[in-house]
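A structural walkthrough
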Amino acid sequence: MRIIIASAIVALSLVASGCSDSNGVITPVAPTAPTPPAPTPTSTPTPTPTPTPTPTPTPTPTPTPPPTTSNVTIDIVRDNGAQSFSPNPATLPAGQMVVWRNVDSVTHRVVLNNGSLDTGDLAPGASSRPMPVNTGSGPYHCSIHPSMVGTIVQGS
């Protein structure tokens, strides 16, 4: 504590001597008005952007598959005579349509023997569009492989 008091006396002496003239007379220093502190820059708050609501995507409706009773599907299996199509014979109830699905590894083209229906070329894995069989029943074949034969039977 004594060191602190002694240090304070020395400091005051030095300050007082700095304000005196060469004769030791203390010249009063005119008090100056304290300089106001420089204004601290205030940051302008950055406006928070209002989030724009993102529209919820409307799900794309999945097409409703046709009822299973509306089409009879006949698979094209392979070039094997009367065993080339499944089922064979195929029963087609009145008013139903037939779809040929090529499950073989080569292209086929199904036509009714009377010429009233032609699937066009069906590549491996392809299916025909649903087609009406206007005659109700009858034999058909692959026009590319004529040994491939089948029959549609009119059901009730």
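Residues numbered from 1 in each chain as written. Predicted model: local features only at pLDDT ≥ 70, side-chain atom pairs only at ≥ 80, totals over all residues. Heavy atoms only, no water.

With 18 residues, the main nonpolar core has Ile-74, Ile-76, Phe-85, Trp-100, Val-133, Tyr-140 and Ile-152 as its most contacted residues. Looking at this core, the elements that each hand over two or more residues are strand S1 (71-76), strand S3 (90-92), strand S4 (97-102), strand S5 (110-112) and strand S7 (138-142). Broken down by element, this core gets its largest block of residues, 3 residues, from S1. (Core = buried A, V, L, I, M, F, W, Y, C linked by side-chain atoms within 4.5 Å. Buried < 20%, exposed > 50% of the residue type's maximum accessible area, 1.4 Å probe, protein only. Helix = DSSP H or I, 4+ residues; strand = E, 2+ residues; numbered from the N terminus.)

Working definition: the strands of a sheet are paired by backbone hydrogen bonds and lie parallel or antiparallel to each other. In spatial order, the strands read S3-S8-S7-S5; together these 4 strands make up an open sheet with mixed pairing. Every interior strand has two partners, whereas the edge strands, S3 and S5, have only one. If you compare each strand with its neighbour and ignore which way they point, the axes differ by 30 degrees on average. Bridge count between S7 and strand S8 (residues 149-154): 4 bridges; the pairing is antiparallel. Note on S8: the bridge partner recorded for Gly-138 is Ile-152. (Pairing = 2+ DSSP bridges. Axes fitted to C-alpha atoms, helices over the stretch in contact; angles between N-to-C directions.)

What follows concerns the packing of aromatic side chains. By the definition in use, this model includes 2 aromatic pairs. Ring geometry for Phe-85 and Tyr-140: centres 4.9 Å apart, planes at 75 degrees, overall edge-to-face. A residue pair is termed long-range when its members are at least 10 positions apart, and Phe-85 in strand S2 (residues 85-86) and Tyr-140 in strand S7 qualify at 55 residues. For the pair Phe-85 and Tyr-140, one class covers both residues: buried. Their ring planes at 70 degrees and their centres at 5.4 Å tell us that Trp-100 and Tyr-140 sit as a pair that is edge-to-face. Here Tyr-140 lies in strand S7 and Trp-100 lies in strand S4, a separation of 40 residues in the sequence. There is no split in this pair, since Trp-100 and Tyr-140 are both buried. By the ring-pair criterion, three or more aromatic residues cluster together here, those being Phe-85, Trp-100 and Tyr-140. (Phe/Tyr/Trp six-rings, centres within 6.5 Å; stacked < 30°, edge-to-face > 60°.)

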